[in-house]
Amino acid sequence: MKRPLILILLSIGLLVGCVNLGAAGEYKLIKGRDVVIDGKVYPMCIDLLKSLNSFKNSEPMVCEQKFNEEFGFEIPNWKAIPKEKINWEILRQIYFSRNSKRFDIKDLRKNWKRKLVSLQKLSSQNTILW
């Protein structure tokens, strides 16, 4: 009799606990640095932090990040790049740099060939690659 009761209590505890997993709260900057472009300083992380915290009393951002235009942020207007204009060499370099510690060079090359086929298929469908 104890076992079913414990399972029921654990199930209820998990369900109640999961409700709060996506709860909005206050965001904190753990490590930040200003972005400097052509000698001009952009405190990007601080402004992004302010933008995020402006939504702390809103529904949590589970699948989509919200931007507060008051802080100079807006949702990007993504546009498909025609397949013939995609720089596949840059994508290859990104792939190799991200995965070089996980695979030896032979496997890396083999995996890249498979990845390239799937990326080219996605590009034909005007889907964002990465």
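Data block above holds the structure.
Below: a short report on this structure. Note that the structure is a prediction, hence the values are computed from the model and not measured.

Describing the overall build of the protein chain
Part 1 of the reasoning: Within the protein chain one finds 4 helices and 2 strands.
Part 2 of the reasoning: Taken over 130 residues, the protein chain has a buried fraction of 14%.
Part 3 of the reasoning: In the protein chain, once contacts between residues fewer than 6 apart in sequence are set aside, the share between residues at least 24 apart is 38%.
Part 4 of the reasoning: A total of about 11,300 Å² of accessible surface is found on the protein chain, and carbon and sulfur atoms cover 58% of it.

A word on the nonpolar core
Most often, soluble globular proteins keep nonpolar side chains buried together rather than apart.
Part 1 of the reasoning: Ile86, Trp88, Leu91, Tyr95, Phe96, Leu108, Trp112 and Leu119 together form the largest nonpolar core, which totals 8 residues.
Part 2 of the reasoning: At the level of secondary structure, the elements contributing two or more residues to this core comprise helix 3 (88-99) and helix 4 (105-124).
Part 3 of the reasoning: The biggest single contributor to this core is helix 3, with 4 residues.

A few points about the packing of helix 3 against helix 4
Part 1 of the reasoning: At a minimum axis separation of 10 Å, helix 3 and helix 4 run at an interaxial angle of 135°. Between helix 3 and helix 4, the angle is such that the two are oblique. Crossing of helix 3 against helix 4: the hand is right-handed. Here Trp88, Leu91, Arg92, Tyr95, Phe96 and Asn99 of helix 3 lie close against helix 4, whose contacting residues are Ile105, Leu108, Arg109, Asn111, Trp112, Lys115, Leu116, Leu119, Gln120 and Ser123.

As for the packing of aromatic side chains
Part 1 of the reasoning: This structure, assessed with the given rule, holds 2 aromatic pairs.
Part 2 of the reasoning: Ring geometry for Tyr95 and Phe96: centres 6.3 Å apart, planes at 70°, overall edge-to-face.
Part 3 of the reasoning: Given the relative accessible area of 14%, Phe96 is considered buried.
Part 4 of the reasoning: Ring geometry for Tyr95 versus Trp112: centroids 5.4 Å apart, planes at 40°, classification tilted. Taken as a pair, Tyr95 in helix 3 and Trp112 in helix 4 lie far apart in primary sequence, 17 residues in all.
Part 5 of the reasoning: Feature note: the residues Tyr95, Phe96 and Trp112 constitute an aromatic cluster, connected by ring pairs.
Part 6 of the reasoning: The ring of Phe96 carries the charged tip of Arg92 above its face, separated from the ring centre by 4.8 Å.

Conventions used here
Residues numbered from 1 in each chain as written. Predicted model: local features only at pLDDT ≥ 70, side-chain atom pairs only at ≥ 80, totals over all residues. Heavy atoms only, no water. Helix = DSSP H or I, 4+ residues; strand = E, 2+ residues; numbered from the N terminus. Buried < 20%, exposed > 50% of the residue type's maximum accessible area, 1.4 Å probe, protein only. Contact = heavy atoms within 4.5 Å. Areas by Shrake-Rupley, 256 points an atom, 1.4 Å probe, with all protein chains shown as cover. Core = buried A, V, L, I, M, F, W, Y, C linked by side-chain atoms within 4.5 Å. Axes fitted to C-alpha atoms, helices over the stretch in contact; angles between N-to-C directions. Parallel < 35°, antiparallel > 145°, perpendicular 65-115°, else oblique. Left-handed = near helix turned anticlockwise from the far one by under 90°. Phe/Tyr/Trp six-rings, centres within 6.5 Å; stacked < 30°, edge-to-face > 60°. Lys NZ or Arg CZ within 6 Å of the ring centre and 35° of its normal.

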